[in-house]
Amino acid sequence: MTEATMRVLLRSAAACAPVLALLALSAICPGLAAAQTTTTPTTTTMSNQAIDSNLVAKRANKIIPNGTLVYANIADCGDGTSPPTSFEFSVNYTANVPVAELWLGVGANENCATTTNRLKQGNGTLPPICTFLGTDTSNSRNPKITVPGNQLFNQSTSGWNNAGDQNTTGKNPTKDMHCDSVSGSPAYTVYFLPLQTATTDVNGSDPFMAGVLGTLKATFSPYTVRPVAPTGLTGQSGETEIGVSFKSPSSSMTLTTYKAYFDVTGKGGTGGKGLGGGTTTVVDAGMDASIDAGSSGSLDASSDGAIAIATTPPVTSAADSADAGSTAPLACGSGYLENHPVPDFNLSSSELRTATDKGTTIKLNDLSGVPLNTNIAVAVVALDPAGNESLLSDPICILREETIGFFDGCKANDDCKKGLDSCSFSPTQRGGAWAFGLFSLALAALIRRRRRA
Amino acid sequence: MRRLLVLFVALFALALVSLGLVDSASARAPDTFEEAYVKPVLIESPMWLAFELKVGPYKPGLSHGSKQVFDQTFGSKSGWMLNLELDITLYHIPYVGQLNVGASWGWVNYSAKAFDDTGARSGETTSFTLYPLGALAVLRIDALARNTVIPLTFAGKVGPEWVRWKSDTGTRTDASGFNAGVRFGAQAAFELDYFDANTARRLDEDYGVNHTFLLFEYYESSTRGTGARTFQMGLGLQY
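Not measured: the values here are computed from a predicted model. (Residues numbered from 1 in each chain as written. Chains lettered and ligands numbered in written order. Predicted model: local features only at pLDDT ≥ 70, side-chain atom pairs only at ≥ 80, totals over all residues. Heavy atoms only, no water.)

Focus on the overall build of chain A
Counted only if it meets this: In DSSP terms, a helix is any run of H or I states spanning at least four residues, a strand is any run of E spanning at least two, and both are numbered starting from the N terminus. Only protein chains enter the accessibility calculation, which uses a 1.4 Å probe; a residue whose area is less than 20% of its type maximum is buried, one above 50% is exposed, and one in between is partly exposed. By the convention used here, residues are in contact when the closest approach between their heavy atoms is within 4.5 Å. For every accessible area listed, the method is Shrake-Rupley and the probe measures 1.4 Å; residues are considered covered only by the protein chains on display.
Per the secondary structure count, chain A includes nine helices and 16 strands. Relative to its full complement of 453 residues, chain A shows a buried share of 44%. Within chain A, residue pairs in contact and separated by at least 24 positions form 79% of the contacts whose partners lie at least 6 positions apart. Surface accessibility of chain A: about 21,900 Å² in total, with carbon and sulfur atoms responsible for 54%.

Right, dumping it as structure tokens:
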């Protein structure tokens, strides 16, 4: 074989190598070869899609600010009287999207961008790993999906996994409408997926996401379990301020602050009934409590990347009206805390005052309008990062009384009073002043003499 | 015999002269570094300031009445006063020390639970805070430390003092005022240069700190109602 022939053969082999490799792969993995040859979508409506704007998330119609972490709380799950908070997710695309779906993954292992996590398991008999939340099949450029809070934070596998399940009888919708019991972890992540076809009812196929669109995610930190109330309250009486100290609950739940409620009406006095009567609401693990939703944040979309949404926790959150566990009469009698649900922010602050602290002692220094010798009933709640309040602690009464400080005692003593007049001069000051004056003169003379020398 | 004696004397004289010549011959140029080394004269950086940080027990009230009230409210123990002083040298007295003028600022606070009508302690806190301010003439004598191996210096201080005081109960300010008087002080200090002269030298070269010292000072304030006789300890710098 001549050298020229060798060169031709080598060049041919180099040119044919990719084809040969592909044929070899096709023999080993027919599916892989097929996917490799169908990387480009054939439908024109979803080709070259691009995101026109970020994923917009709303909580109760308020946009969640970009870069905020959403602390969902018990109020988002609703109770028997108040509906759950509505969460809306939407994205603007440059072209129509046939199907948009919203999926829920809990923890780091449930990545709903992975197709297999969205497919039914067990040959179709078991629901997918991820939880289906909703779909938009309007084939529009601005798909929107709205879910209630009790579905958003519910990964129950007994329902909600197929489109229309929430309206299907026999799926135990009442049970399914309760949020999971979580306290900040794991993270709940929703995935907004633009798809060619719906995936919830597909069994065994392998649908794909079209074009260059990426999965958009939003992460929540839900606190749907009520904190435990503090115990062991002790009071500090005073004239200008009163204080209450307590023991932190032994729960491992993350607590941010404590809030004390002070009934300054003094209607309790000593003796009489304590809390436990009146209008009480039985709380089932915090799910039925009436709590206001807090402030919201917004989401920032990024392609195939986690979107961290962090915000300050909700500012206000209501606690339940009664300590259901306390039925025995208490020394701190009937007053505002018993007869009104707490908190009731529609009422005057002259009757109910609050103070918060991160430590286990809270002081109230606004005692304006409160007469001396008033027994003030105090109860304390614990707050978690989402603003959920615990039940009220057992209350105590703290007396606003006249106090005698150091200077009051000094005024009563004539000798002490002379020493602490507003402007007092020592008897030795005159002699000292003379000595200091003479010293200064001598010093000046010395310095002057040295300069002359 | 006489000749022998003259010869002996001449030989002896010759021997002495010879030794002198040898001695003069041994006063040669130094052959080694150690022979040529002359200890350098140390020159300190200018020294015009002194700074002192002191703490000490303090219990105000020189009169019987105020002492009684104080003990009843805050107990018989003294509080701790923090005191800062800055002196400026007016004149270096040769072989003696420095004549300075200085200013001092102090702080001490006492707190306890206030009483209720029955005489029992309530939950509210009452406090008494003093801020002594002084203008001082200071004579600092460092002759021992400069001229001997004894690293001790001494200082005498005198000057007017004003004590700003305030008494609170809860969130209420009960009273406040100014007490004036005279302050006296006598100090003994131990210079830390003694332990490590090289480090002390470097401190001077790099930062201008001439001397550091541990001090013990007798403190007397004659301000009425807020004065006391006590002692203070601390750390000082001269630079």
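Moving on from the model shown.
Section: the state of the cysteines
Residues and elements named next belong to chain A. What counts is decided by this rule: We call a pair of cysteine sulfur atoms a disulfide when they lie within 2.5 Å.
Going through the model one piece at a time under the given rule, you end up with two disulfides over all chains. Between the sulfur atoms of Cys77 and its disulfide partner Cys179 the distance amounts to 1.9 Å. Residues Cys77 and Cys179 are joined through a disulfide that is left-handed, its torsion about the S-S bond being -105°. Linking Cys77 in helix α3 (residues 74-77) with Cys179 in the loop between α5 (173-176) and β7 (188-195), this pair joins segments that are 102 residues apart in sequence. We classify Cys77 as buried; its relative accessible area is 6%.

Some remarks on the pairing of strand β8 (residues 228-238) of chain B
Consecutive side chains of a regular strand alternate in pointing toward one face of the sheet and then the other. To keep it simple, the criterion reads: Here a strand pair is declared whenever DSSP counts at least two bridges between the two strands.
The side-chain alternation of β8 of chain B yields one buried face, formed by Ala228, Thr230, Gln232, Gly234, Gly236 and Gln238 of chain B, and one unburied face, formed by Arg229, Phe231, Met233, Leu235 and Leu237 of chain B. The hairpin formed by strand β7 (residues 211-221) of chain B and β8 of chain B contains six residues between the paired strands, and Gly225 of chain B there has a positive phi angle of roughly 80°.

Things to note about a nonpolar patch on the surface
Residues and elements named next belong to chain B. Applicable threshold: Two distance rules govern patches: like charges are joined within 9 Å, and nonpolar side chains (Val, Leu, Ile, Met, Phe, Trp, Tyr) within 5 Å, applied only to residues with over 30% relative accessible area and no salt bridge. Criterion for a salt bridge: a side-chain nitrogen of Lys or Arg within 4 Å of a carboxyl oxygen of Asp or Glu.
Judged by side-chain polarity, Phe51, Leu53, Val55, Trp80, Leu82, Leu86, Trp105, Trp107, Leu133, Trp162, Phe178 and Tyr239 come together as a nonpolar surface patch covering roughly 1,100 Å² of accessible area. Looking at the nonpolar patch, the elements with two or more residues in it are β1 (49-58), β2 (79-93) and β3 (97-115). Summarising the element assignment, Leu82 is placed in strand β2.

Here's the deal with the sheet that holds strand β8 (residues 216-220) of chain A
Residue and element names in this part refer to chain A. Selection criterion: Axis definition: a line fitted to C-alpha atoms, over the contacting stretch in the case of helices. Angles run 0 to 180 degrees between N-to-C directions.
Spatial strand order, β5-β4-β7-β8: four strands in an open sheet with antiparallel pairing. Both outer strands of the open sheet, β5 (131-136) and β8, are each paired with one neighbouring strand and no more. Averaged over all neighbouring strand pairs, the angle between strand axes comes to 20°, with direction disregarded.

Brief notes about the environment of Cys416 of chain A
Positionally, Cys416 of chain A belongs in helix α8 (residues 414-419). With sequence-adjacent residues up to four places away left out, Cys416 of chain A is seen in contact with Cys410 of chain A together with Gly65, Ser66 and Val69 of chain B.

A few points about helix α3 (residues 64-74) of chain B
The condition that has to hold: The directions considered for the arc run from the helix axis to the C-beta atoms.
Among all positions in α3 of chain B, only Gly65, Ser66, Val69, Phe70, Thr73 and Phe74 of chain B are buried. Seen end-on, α3 of chain B carries its buried residues on one side only, within an arc spanning 130°. Facing away from the buried surface of α3 of chain B by more than 90 degrees, the exposed residues are His64 and Gln72 of chain B. Elements in contact with the buried residues of α3 of chain B: α7 (406-411) and α8 of chain A together with β3 and β4 (121-141) of chain B. Note on α3 of chain B: the residue one or two positions beyond its end, Gly75 of chain B, has a positive phi of about 90°.

Quick word on unusual backbone geometry
Most peptide bonds adopt trans geometry, and most residues besides glycine take a negative phi value. Following Ser185 of chain A, the chain continues into Pro186 of chain A via a peptide bond in cis, with omega recorded as 0°. Its location among the elements puts Pro186 of chain A in the loop between α5 and β7. Backbone geometry at Asn61 of chain A places phi at a positive 65°, although glycine is not the residue there. The residue Asn61 of chain A is located in the loop between β1 (56-59) and β2 (62-63) in this model. One non-glycine residue, Tyr95 of chain B, lies in the positive phi region at around 65°. Within the secondary structure layout, Tyr95 of chain B lies in the loop between β2 and β3. Exposure remark for Tyr95 of chain B: the relative accessible area of 72% places this residue in the exposed category.

A few points about the confidence of the model for chain B
All names here are of chain B. How we decide: One number per residue, pLDDT, summarises how confident the predictor is, and it ranges from 0 to 100.
The predicted model of chain B has a mean per-residue pLDDT of 86, with 85% of residues at 70 or higher. Low pLDDT, under 50, characterises residues 21-25; the predicted model gives this stretch zero contacts beyond four residues in sequence or across chains. Across the whole predicted complex the pTM is 0.64, and at the interface the ipTM reaches 0.74.

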